[in-house]
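Letter by letter, the chains look like this.
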Amino acid sequence: GARFFNLAAGANYYLQQSNAETAPYVTADFGYGFADDVDDRSAEGFSFGTGFGIQFFRTTETTLDVLLRYAVVLDDVEGTSGNPSIIGARLAVNF
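What counts, and where the lines are drawn
- Residues numbered from 1 in each chain as written.
- Predicted model: local features only at pLDDT ≥ 70, side-chain atom pairs only at ≥ 80, totals over all residues.
- Heavy atoms only, no water.
- Helix = DSSP H or I, 4+ residues; strand = E, 2+ residues; numbered from the N terminus.
- Buried < 20%, exposed > 50% of the residue type's maximum accessible area, 1.4 Å probe, protein only.
- Contact = heavy atoms within 4.5 Å.
- Salt bridge = Lys/Arg side-chain N within 4 Å of Asp/Glu carboxyl O.

Enquirer: Help me out: how do you make sense of the environment of alanine 9 in this one?
Expert: If you trace the backbone, alanine 9 turns up in strand β1 (residues 3–14). For alanine 9, a relative accessible area of 57% gives the class exposed. The sequence separation of alanine 9 and leucine 67 amounts to 58 residues, and the corresponding C-alpha distance is 16 Å. In this structure alanine 9 touches Asp29 and Phe30, once residues within four positions along its chain are discounted.

Here's what the structure looks like:
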(Lines give C-alpha, C1' and ligand atoms only; values in the text may rest on other atoms or scores of the structure.)
Protein backbone atom coordinates (compact mmCIF):
# COMPACT_ATOMS: atom_id res chain seq x y z
CA GLY A 1 0.00 0.00 0.00
CA ALA A 2 0.86 3.66 -0.15
CA ARG A 3 2.24 5.52 2.88
CA PHE A 4 2.47 9.19 3.88
CA PHE A 5 4.30 10.41 6.99
CA ASN A 6 5.23 13.86 8.20
CA LEU A 7 6.61 15.42 11.35
CA ALA A 8 5.82 19.11 11.65
CA ALA A 9 5.43 22.07 13.96
CA GLY A 10 2.68 24.61 13.50
CA ALA A 11 0.18 26.97 15.02
CA ASN A 12 -3.57 27.48 15.31
CA TYR A 13 -5.29 30.83 14.84
CA TYR A 14 -8.71 31.05 16.47
CA LEU A 15 -11.17 33.10 14.44
CA GLN A 16 -13.50 35.60 16.03
CA GLN A 17 -16.17 33.72 17.93
CA SER A 18 -19.57 34.70 19.23
CA ASN A 19 -19.18 32.68 22.44
CA ALA A 20 -16.35 31.17 24.47
CA GLU A 21 -17.68 27.60 24.32
CA THR A 22 -17.11 27.01 20.58
CA ALA A 23 -14.31 28.41 18.43
CA PRO A 24 -13.46 27.86 14.75
CA TYR A 25 -9.78 27.99 13.83
CA VAL A 26 -7.33 27.68 10.96
CA THR A 27 -4.05 25.82 11.29
CA ALA A 28 -0.77 25.69 9.39
CA ASP A 29 2.39 23.65 9.88
CA PHE A 30 5.79 23.14 8.29
CA GLY A 31 8.03 20.11 8.67
CA TYR A 32 9.59 17.11 6.97
CA GLY A 33 7.78 14.22 5.35
CA PHE A 34 8.05 11.25 3.08
CA ALA A 35 5.69 9.16 1.01
CA ASP A 36 5.75 5.86 -0.90
CA ASP A 37 3.26 4.87 -3.59
CA VAL A 38 2.00 1.37 -4.39
CA ASP A 39 4.86 0.91 -6.90
CA ASP A 40 7.49 1.68 -4.19
CA ARG A 41 8.37 5.04 -5.74
CA SER A 42 9.09 7.60 -3.05
CA ALA A 43 9.34 11.29 -2.27
CA GLU A 44 11.10 12.86 0.70
CA GLY A 45 11.51 16.48 1.73
CA PHE A 46 9.92 19.47 3.41
CA SER A 47 6.18 19.28 4.03
CA PHE A 48 3.44 21.85 4.47
CA GLY A 49 -0.01 21.41 5.98
CA THR A 50 -3.07 23.57 6.45
CA GLY A 51 -6.54 23.00 7.80
CA PHE A 52 -9.78 24.27 9.30
CA GLY A 53 -11.25 23.08 12.58
CA ILE A 54 -13.75 23.76 15.33
CA GLN A 55 -13.12 23.28 19.02
CA PHE A 56 -16.08 22.63 21.34
CA PHE A 57 -16.48 22.94 25.15
CA ARG A 58 -13.46 25.29 25.42
CA THR A 59 -14.31 26.48 28.94
CA THR A 60 -14.28 22.95 30.39
CA GLU A 61 -11.31 20.77 31.35
CA THR A 62 -11.94 18.40 28.40
CA THR A 63 -12.49 19.76 24.88
CA LEU A 64 -13.68 18.21 21.62
CA ASP A 65 -11.79 19.06 18.44
CA VAL A 66 -12.87 18.43 14.80
CA LEU A 67 -10.34 19.16 12.04
CA LEU A 68 -10.15 18.85 8.22
CA ARG A 69 -6.49 19.03 7.08
CA TYR A 70 -4.49 18.97 3.84
CA ALA A 71 -0.76 18.14 3.75
CA VAL A 72 1.78 17.90 0.91
CA VAL A 73 5.42 16.83 0.62
CA LEU A 74 7.33 19.41 -1.42
CA ASP A 75 9.17 16.81 -3.54
CA ASP A 76 8.08 14.93 -6.66
CA VAL A 77 7.48 11.20 -6.53
CA GLU A 78 10.23 9.48 -8.54
CA GLY A 79 9.15 9.11 -12.17
CA THR A 80 6.09 11.38 -11.89
CA SER A 81 5.43 15.10 -11.97
CA GLY A 82 3.28 15.27 -8.85
CA ASN A 83 3.79 15.93 -5.19
CA PRO A 84 2.29 13.42 -2.74
CA SER A 85 -0.52 14.91 -0.71
CA ILE A 86 -3.27 13.80 1.62
CA ILE A 87 -6.57 15.10 2.96
CA GLY A 88 -7.60 13.88 6.38
CA ALA A 89 -10.14 14.41 9.13
CA ARG A 90 -9.52 14.29 12.86
CA LEU A 91 -11.84 13.94 15.81
CA ALA A 92 -9.94 14.45 19.07
CA VAL A 93 -10.70 14.69 22.77
CA ASN A 94 -8.22 16.99 24.53
CA PHE A 95 -7.74 16.81 28.30
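Enquirer: Help me understand the pattern of salt bridges, please; the structure alone is not making it clear to me.
Expert: If the charged atoms of two oppositely charged side chains come close together, the side chains can form a pair. Applying the stated criterion to the full structure yields 5 salt bridges. With a closest N to O distance of 2.4 Å, arginine 3 and aspartate 36 form a salt bridge. Here arginine 3, found in strand β1, pairs with aspartate 36, found in strand β2 (residues 23–36); they are 33 residues apart in sequence, far enough to count as distant. Its relative accessible area of 14% is what places aspartate 36 among the buried residues. Arginine 69 is the salt-bridge partner of aspartate 29, the closest N and O atoms lying 2.9 Å from each other. Taken together, the positions of aspartate 29 in strand β2 and arginine 69 in strand β4 (residues 63–73) put the pair 40 residues apart, joining distant regions of the chain. Here arginine 69 falls in the partly exposed class, since its relative accessible area comes to 23%. Salt bridges linked by common partners bring Asp37, Asp39 and Arg41 together as one network.

Interpretation in functional terms is not warranted from these geometric data alone.
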